[in-house]
Amino acid sequence: MASAIASAASEMDGHDKETEYEAKMVKKTVLARERRKMRRKELLGSMTADERKAFVKNEAQTEQERAQRLAVASETGQRVAIDCGYDGIMSDKEVSSLSKQIKFCYGTIRRMDDPFALTVTDCTDGSRIASALQRFSADKWSIQLQPASDLVFLTPDSPNLLSTLDRSKVYVIGSSAIPPGRSLQAATALGVETARLPIQEFVPDRHTDHILNVNTVVEILASIQAGNDWPTTLAECLPKVL
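Counting restarts for each chain: residues are numbered from 1 in the order of the written sequence. With pLDDT at 70 or above as the cut-off, local features in this predicted model cover only qualifying residues; side-chain atom pairs require 80 or more to be listed or tallied, and sums for whole chains, interfaces and linings still use all residues. Heavy atoms throughout the structure, all of them, feed into the side-chain values; hydrogens and water do not.

- Going by the annotation in an unreviewed UniProt entry, the name recorded for the chain is tRNA (guanine(9)-N(1))-methyltransferase, with Aphanomyces astaci given as the source organism.
- Entered under Catalytic activity (unreviewed entry) in the UniProt record, the comment concerning the chain runs "guanosine(9) in tRNA + S-adenosyl-L-methionine = N(1)-methylguanosine(9) in tRNA + S-adenosyl-L-homocysteine + H(+)". UniProt positions are given in the numbering used here, feature names are shortened, and annotations may be inferred rather than shown by experiment.

## Description of the overall build of the chain
Part 1 of the reasoning: Strands are runs of DSSP state E lasting at least 2 residues, helices are runs of H or I lasting at least 4, and numbering of each runs from the N terminus. Scanning the chain from N- to C-terminus turns up eight helices and five strands.
Part 2 of the reasoning: When the helices and strands of the chain are listed from N to C terminus, the series reads α-α-β-α-β-α-β-β-α-β-α-α-α.
Part 3 of the reasoning: Across the 242 residues that make up the chain, the buried fraction comes to 42%.
Part 4 of the reasoning: Whether two residues are in contact is decided by their heavy atoms: any pair within 4.5 Å suffices. At a minimum sequence separation of 6, the contacts of the chain that also span at least 24 residues come to 77%.
Part 5 of the reasoning: Note that accessible areas follow from Shrake-Rupley with a 1.4 Å probe, and for residues the cover is restricted to the protein chains shown. As presented, the chain carries roughly 13,600 Å² of accessible surface, and 54% of it is formed by carbon and sulfur atoms. Relative accessibility under 20% of the residue-type maximum defines a buried residue, over 50% an exposed one, and the middle range a partly exposed one, all with a 1.4 Å probe and only protein chains included.

## Structural notes on the nonpolar core
Part 1 of the reasoning: Counting residues in hydrophobic clusters, the biggest one holds 44 residues, and the most contacted among them are Ile102, Leu197 and Leu221.
Part 2 of the reasoning: For this core, the secondary-structure elements that each account for two or more residues are β1 (79-83), α3 (92-110), β2 (117-121), α4 (128-134), β3 (151-154), β4 (170-174), α7 (214-225) and α8 (230-237).
Part 3 of the reasoning: Looking at which element gives the most residues to this core, the answer is α7, with seven residues.
Part 4 of the reasoning: By nonpolar core is meant a set of buried Ala, Val, Leu, Ile, Met, Phe, Trp, Tyr and Cys residues that side-chain atoms within 4.5 Å join together. Judged by nonpolar contacts, the second largest core, of five residues, contains Ala81, Phe153, Val170 and Val172.

## Examining a positive patch on the surface
Part 1 of the reasoning: Residues enter patches when they are more than 30% accessible in relative terms and free of salt bridges; like-charged ones are connected within 9 Å and nonpolar ones (Val, Leu, Ile, Met, Phe, Trp, Tyr) within 5 Å. Here, a salt bridge means any Lys or Arg side-chain nitrogen found within 4 Å of an Asp or Glu carboxyl oxygen. His is not counted, nor are the chain ends, whereas Lys and Arg count as positive and Asp and Glu as negative. Positions of charges follow a simple convention, taking NZ of Lys, CZ of Arg, CG of Asp or CD of Glu. Together, Arg33, Arg35, Arg36, Lys37, Arg39, Lys103 and Arg111 make up a positively charged patch on the protein surface.
Part 2 of the reasoning: For the positive patch, the element with the highest residue contribution is helix α1 (residues 2-45), accounting for five residues.
Part 3 of the reasoning: Looking at where arginine 111 falls in the secondary structure, it is placed in the loop between α3 and β2.
Part 4 of the reasoning: The exposure class assigned to arginine 111 is exposed, which follows from its relative accessible area of 59%.

## Here's the deal with the side chain of serine 223
Part 1 of the reasoning: Secondary-structure assignment places serine 223 in helix α7.
Part 2 of the reasoning: Classification of serine 223 as buried rests on a relative accessible area of 8%.
Part 3 of the reasoning: Once you skip the residues sitting within four places of it in the chain, serine 223 turns out to touch Asn228, Thr233 and Cys237.

## Thoughts on the packing of helix α2 (residues 49-76) against α3
Part 1 of the reasoning: Only C-alpha atoms enter the line fits that serve as axes; for helices the fit covers just the stretch in contact. Angles between N-to-C directions range over 0 to 180 degrees. Packing of α2 against α3 brings their axes to within 10 Å, and their N-to-C directions diverge by 110°. As far as their axial angle goes, α3 and α2 are roughly perpendicular. In this structure, α2 contributes Glu63, Arg66, Arg69 and Leu70 to the contact, and α3 contributes Tyr106, Ile109 and Arg110.
Part 2 of the reasoning: Polarity classes work like this: nonpolar for Ala, Val, Leu, Ile, Met, Phe, Trp, Tyr, Cys and Pro, charged for Asp, Glu, Lys and Arg, and polar for all others, with Gly in that last group. Its residues assigned to classes, the contact of α2 with α3 shows three nonpolar, no polar and four charged. Each angle gets one of four labels, with under 35 degrees taken as roughly parallel, over 145 as roughly antiparallel, 65 to 115 as roughly perpendicular, and the rest as oblique.

## Some details on α8
Part 1 of the reasoning: The complete set of buried residues in α8 reads Trp230, Thr233, Leu234 and Cys237. For α8, the buried positions fall inside an angular range of 90° around the axis, keeping them on one side. The outward face of α8, more than 90 degrees from its buried face, is lined by the exposed residues Ala235 and Glu236. Taking the helix axis as origin, the arc is that swept by the directions to the C-beta atoms.

## So, the sheet that holds β3
The pairing of strands in a sheet comes from backbone hydrogen bonds and takes either a parallel or an antiparallel form.
Part 1 of the reasoning: Two strands form a pair only when DSSP identifies at least two bridges running between them. Taken in spatial order, the five strands make up an open sheet running β2-β1-β4-β3-β5, and their pairing is parallel. Of all strands in the sheet, those with a lone pairing partner are β2 and β5 (193-195), marking the two edges. On average, adjacent strands in this sheet sit at an angle of 30° to one another, irrespective of strand direction.

## Points about the pairing of β3
Part 1 of the reasoning: For β3 and β4, the ladder comprises four bridges, and the chain directions are parallel. Paired with leucine 151 across the bridge in β4 is valine 170.
Part 2 of the reasoning: Of the pairings in the sheet, the one linking β3 to β5 comprises three bridges and is parallel in character. Directly across from leucine 154, in β5, lies its bridge partner alanine 195.

## Looking at the confidence of the model for the chain
Part 1 of the reasoning: You can read pLDDT as the predictor saying how much it trusts each residue, on a scale of 0 to 100. Residue-level pLDDT values for the chain average 80, and 80% of them are 70 or greater.
Part 2 of the reasoning: Least confident of the elements in the chain is α1, whose mean pLDDT is 62; most confident is α7, at 95.
Part 3 of the reasoning: Long-range and interchain partners of residues 1-14, a stretch whose pLDDT sits below 50, account for one contact in this model, where long-range means more than four residues apart.

## Let's talk about the pairing of β2
Part 1 of the reasoning: Burial runs high along β2: five of the five residues are buried.
Part 2 of the reasoning: Burial of β2 is two-sided: the residues Ala117, Thr119 and Thr121 facing one way and the residues Leu118 and Val120 facing the other way are all buried.
Part 3 of the reasoning: Pairing geometry for β1 and β2, over five bridges, is parallel. Bridging from a neighbouring strand, isoleucine 82 pairs with valine 120 of β2.

Structure, rendered in structure tokens:
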């Protein structure tokens, strides 16, 4: 009984920390967007008419190039999938949280020089996660909404360490709302390969890698793909407070 109570308390604490981190991410995103708008306004105000015209043209070209990179990535990019197959056991709050995390993931991927090919699995019409994503106009994103093959399920319960990314694999990230051990059990039953991030090896004082938001995992994978090592990546990407 005591262990069950401790487990429940730990899970509640994890969800509270996840919500706190998510709120910080939203605030950080909003502030960053406002700063960009302010800098752009100030910059445009200091330009001549011809300079403003050239600046706006360059912005449009940059956005077009980003769209082209995403289109190419959908065919040849490193594949990363977010598992939304636990809709039935998630609360409305958890579904809303996951949809926001997926939005953050897409923002990270859009900024990558070599973007991931993002797949959102089990996001079927009528599901709560599909409805939640529509609030962010997800139908306009460059993502796939179907299952994939050649899977490696990332779970902190896996005995296998992830050291590098394999372009031939699809790295599947599950929601932090998935009960501990469930993803490993499901992957094992299906004969799917698993791996875990080497957090305990490089940040041994961390004991909460099982509650990482999906967008944090995507940021970690993006950093590794960009050529950074694990110590640098984890120091930069892991939330400072969990």
